[in-house]
Amino acid sequence: MAHQSDLITEDILSYLKVQEEKDMLRFITCGSVDDGKSTLIGRLLWDTKLIFEDQLAALEADSKKVGTQGEEIDYALLLDGLQAEREQGITIDVAYRFFSTDKRKFIVADTPGHEQYTRNMVTGASTAEVAVILIDARKGVMTQTKRHSYLASLVGIKNVLVAINKMDLVDYSQERFTAIKNEYSEITRDLNFKQVTFIPISALKGDNIITPKTSGLRLSKNMPWYQGASLLEYLETVEIADDTTPKPFRMRVQWVNRPDLNFRGFCGTIASGTIRPGDEVIVPSSGQSSRVSKIVTMDGDLAEARADQAVTLCLEDEIDISRGDMLATPLDRPQHTDQFQAKIAWLHEEPLLPGRSYLLKAGSATSPAQVSDLKRKVNINTLKLEPGKTLGMNEVGICNISISKAISFDAYNDNRHTGNFILVDRFTNATVGAGMIDFPLRRATNIHWQSITIDKHSRSELKNQKPKVLWFTGLSGSGKSTIANLVEKKLHSLGKHTYLLDGDNIRHGLNRDLGFTDADRVENIRRIAETAKLFVDAGVIVLTAFISPFRSERNLARELLEKGEFIEIFIDTPLEICEQRDPKGLYKKARAGDLKNFTGIDSDYEAPENPEITVSGTGSTAEELAEEIIEKLF
């Protein structure tokens, strides 16, 4: 018995070793609505005998209850796990499934076809090596087919399998297959695909899904005119170039591990390349270098580590390295700059607004960032570049990005693992955009801060005052400008050096090129904030009187200054009072529809949450409110 038990254990270990050594292929299924993506994966699992008995029983019951195939099994239910998906017969979220054959292991991401869920497709495609794009043989190439093909190319997928599905509904017509093949080849000829393969299938009937076991039968008897590989045979044999090992060593530091005085290690997952003890590494942010003394893991020290391994690197020298820094080979350094061009896929309902402050996360590196320029938008239908001021959900644009703290990166086309990033909304923490870096901007490396002898401290000492920004915000008609003007007069009488930046006056000069869309309002406040910063650097107390409707832009202005230099003053006047005053007749025009994008009417005003000073715009005169502000300031 003991000998038999040993043999069983040996067999299990041998089996596990074989499974472990199989290579892994990640692929996605995508395409337009109801092209049969979930049905295809369900069929693959069925035909490869990877469905357990209890799953089969549940599938048969669910097919009768919520299936879309009458009395037949609805294979899509194996993937459509959400109640809303089953009720509507569609895919909403990305569904991941693992399966394995004798030749390869697979992780498949079933992505939704509806346009409003395109962002989910980007998520699924970001780690995929092959895209299986389904096309309904009845409908041909759809808009969403083009969109998913472009996005697959954008995230760096090189191998595409075009599965022309539902051939049973077009009588397995070779002419229809050829027409769709030619149309797809034409629209994607400018995309950066390495290989595009076409296979006619019927996911529901099982045609050309797997190679039949029956002797003498190659593929589907319904399509004798097709003599290529089956879909599973393609997935098992497609050659995927290892895009990590040949590349230079890169590792972002996720954690500096120092449990005691005798150990200091830098933890992270190797993004690309290999590393060995004795190899030299450099920190691009500082230019400092050292050599690896040892590679530590939970399973002991390693003689070599390669891409995708989580390790702790110990160095021979004590050099300054923090979370977010990158370790790289000095012979092939990454770029390190605070400005670059990138392609951004926008994932959120709120549009991208150039000039607005977001958080950029590249691996473990995080920094405040702005889209400084939206250069072009990509027309998904024609794949041509078009002008645009904002990006809506599921749109793609080519942008210049400016970040507060420089990061190390490679171009996305050179290294997918170190050339990507996400943008995060600073208030909701929602992921709003996914980016792929093209190249650093030359001005970022050619422009340097000039050392100036006379600094802010010297200028403010000469004026005998502490410079700051008094940022007045409130609705139009709240009394901002009137009160700010009175506050400046009182400060002047106290011998203070001041300057007032008023919204209307600035738009006659510095910002005369800007309108009143959300994007233009963001840029308007960004310029004002930068101008106010220069005044503070000159040692001046600067007052700004602008609606400045968005918290994110007011927060951006605050972050440009040192602690205590930004004083937010909220003139809290209700909308109905502002409308009653209406000194310029703007509310009347806005209510009549003659004035678009007017704050409080058809454009939002986000009231401050924690202003330094709040005064009520009702019940007191402007003179009294100005005096109240002076008392709170001093």
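Residues numbered from 1 in each chain as written. Predicted model: local features only at pLDDT ≥ 70, side-chain atom pairs only at ≥ 80, totals over all residues. Heavy atoms only, no water.

Draft legend 1. Geometry of the sheet that holds strand β25 (residues 541-545). Read across the sheet, five strands follow the order β24-β25-β23-β26-β27 without closing on themselves; strand pairing throughout is parallel. Because the sheet does not close on itself, it has two edges, and the strands there are β24 (498-502) and β27 (613-616). On average, each strand axis in the sheet is tilted by 15 degrees relative to the strand beside it, whichever way the strands run. Bridge count for β24 against β25 is five bridges, and the pairing is parallel. The residue of β25 that forms the bridge with Tyr499 is Val542. Each of β23 (468-473), β24 and β25 touches helix α13 (residues 518-537); the most contacted strand, β23, lies at about 150 degrees to it. Each of β23, β26 (566-572) and β27 touches helix α17 (residues 622-633); the most contacted strand, β27, lies at about 160 degrees to it. (Pairing = 2+ DSSP bridges. Helix = DSSP H or I, 4+ residues; strand = E, 2+ residues; numbered from the N terminus. Axes fitted to C-alpha atoms, helices over the stretch in contact; angles between N-to-C directions. Contact = heavy atoms within 4.5 Å.)

Draft legend 2. How the structure looks around the packing of helix α5 (residues 118-125) against helix α6 (residues 143-154). Packing of α5 against α6 brings their axes to within 10 Å, and their N-to-C directions diverge by 35 degrees. Crossing of α5 over α6 shows right-handed handedness. For the pair α5 and α6, contact is made by Thr118, Met121 and Val122 and by Gln144, Arg147, His148, Leu151 and Ala152, respectively. Looking at the contact of α5 with α6 residue by residue, the classes come out as four nonpolar, three polar and one charged. (Left-handed = near helix turned anticlockwise from the far one by under 90°. Nonpolar A, V, L, I, M, F, W, Y, C, P; charged D, E, K, R; others polar.)

Draft legend 3. Structural detail: the pattern of salt bridges. Overall, the coordinates contain 27 salt bridges when judged by the stated rule. The shortest N-O distance in the salt bridge between Lys343 and Asp438 comes to 2.9 Å. Of this pair, Lys343 sits in strand β16 (residues 335-346) while Asp438 sits in strand β22 (residues 431-440), and the two are 95 residues apart along the sequence. Here Glu628 makes a salt bridge to Lys632, at a shortest N to O gap of 3.2 Å. Of this pair, Glu628 and Lys632 are both found in helix α17, four residues apart, which corresponds to roughly one turn of the helix. Given the relative accessible area of 28%, Glu628 is considered partly exposed. Note on Lys632: relative accessible area 45%, which makes it partly exposed. (Salt bridge = Lys/Arg side-chain N within 4 Å of Asp/Glu carboxyl O. Buried < 20%, exposed > 50% of the residue type's maximum accessible area, 1.4 Å probe, protein only.)

Draft legend 4. Spotlight on the sheet that holds strand β2 (residues 95-100). If you trace the six strands from one edge of the open sheet to the other, you get β2-β3-β1-β4-β5-β6, paired in mixed fashion. Edge strands, defined here as strands with exactly one partner in the open sheet, are β2 and β6 (195-200). Averaged over neighbouring strand pairs, the angle between their axes works out to 20 degrees when direction is ignored. Examined bridge by bridge, β2 and strand β3 (residues 105-110) share six bridges and lie antiparallel to one another. Its bridge partner being in β3, Ala95 is matched across the sheet by Asp110. Strands β4 (130-136), β5 (159-165) and β6 of the sheet are contacted by helix α7 (residues 174-187), whose axis makes an angle of about 160 degrees with β6.

Draft legend 5. Focus on the pairing of β3. Counting buried residues along β3, six of its six residues qualify, which places the element largely inside the surrounding structure. Alternating residues of β3 divide into Lys105, Ile107 and Ala109 and Phe106, Val108 and Asp110, and every residue in both groups is buried. From the end of β2 to the start of β3, which pair antiparallel, there are four residues.

Draft legend 6. Expanded view of the side chain of Lys468. Here Lys468 shows up in strand β23. Of the side chains with opposite charge, Glu565 comes closest to the buried, unpaired Lys468, at an N-O distance of 9.4 Å. Ignoring anything within four residues of it in the chain, the contact list for Lys468 reads Val536, Val540, Ile541, Val542, Glu565 and Ile567. (Lys, Arg positive; Asp, Glu negative; His and termini not counted.)

Draft legend 7. Representation of the side chain of Asn159 within the structure. Positionally, Asn159 belongs in strand β5. Aside from chain neighbours lying at most four places away, what touches Asn159 is Glu129, Val130, Ala131, Gln195, Tyr234, Val238, Glu239 and Ile240.

Draft legend 8. How the structure looks around the nonpolar core. Counting 39 residues, the largest nonpolar core has Ile28, Tyr150, Ile157, Ile164, Met167 and Tyr184 as the members making the most contacts within it. Looking at this core, the elements that each hand over two or more residues are β1 (24-31), α5, β4, α6, β5, α7 and β22. Examining the composition of this core, we find that four residues originate from one element, α6, more than from any other. Beyond its immediate chain neighbours, meaning those up to four positions away, Tyr150 contacts Leu191, Lys343, Val378, Ile380, Leu383 and Val396. One finds Leu374, Phe409, Phe421 and Ile437 within the second-largest nonpolar core, a separate group that totals 26 residues. (Core = buried A, V, L, I, M, F, W, Y, C linked by side-chain atoms within 4.5 Å.)

Draft legend 9. Quick look at the packing of helix α11 (residues 480-493) against α17. Axis separation between α11 and α17 bottoms out at 9 Å; the angle between their running directions is 55 degrees. Classified by the angle between their axes, α11 and α17 sit oblique to one another. Relative to α17, α11 is oriented so that their crossing is right-handed. Residues Thr482, Ile483, Leu486, Val487, Lys490 and Leu491 of α11 touch α17, and the partners they reach there are Ala622, Glu623, Leu625, Ala626, Glu627, Ile629 and Ile630. Partitioning the contact of α11 with α17 into residue classes produces nine nonpolar, one polar and three charged. (Parallel < 35°, antiparallel > 145°, perpendicular 65-115°, else oblique.)

Draft legend 10. Representation of the environment of Thr237 within the structure. Within the secondary structure, Thr237 sits in helix α8 (residues 231-237). Judged by relative accessible area, which is 45%, Thr237 ranks as partly exposed. Once the C-alpha coordinates of Thr237 and Arg104 are considered, the two residues, 133 residues apart in sequence, prove to be 8.6 Å apart. Within the local environment of Thr237, its side chain forms a polar contact with the backbone oxygen of Glu233, the two atoms lying 2.7 Å apart. (Polar contact = N/O pair within 3.5 Å; in protein donor to acceptor, adjacent residues only side chain to side chain.)

Draft legend 11. Layout of unusual backbone geometry. Of note, Ser548 is a non-glycine position whose phi angle comes to about 40 degrees, a positive value. Following the sequence through the fold, Ser548 ends up in the loop between β25 and α14 (551-560). Even without being glycine, Asn597 reaches a positive phi, approximately 55 degrees. Among the structural elements, Asn597 can be located in the loop between α16 (586-591) and β27.

Draft legend 12. Structural context of the packing of aromatic side chains. Scanning the entire structure with this criterion turns up 13 aromatic pairs. Taking the centre distance of 4.7 Å and the plane angle of 20 degrees together, the rings of Phe99 and Phe106 count as stacked. Three or more aromatic residues link up through ring pairs in this structure, and these residues are Phe27, Phe99 and Phe106. If you follow Arg356 out to its NZ or CZ, it ends over the ring of Phe550, 4.8 Å from the centre. (Phe/Tyr/Trp six-rings, centres within 6.5 Å; stacked < 30°, edge-to-face > 60°. Lys NZ or Arg CZ within 6 Å of the ring centre and 35° of its normal.)

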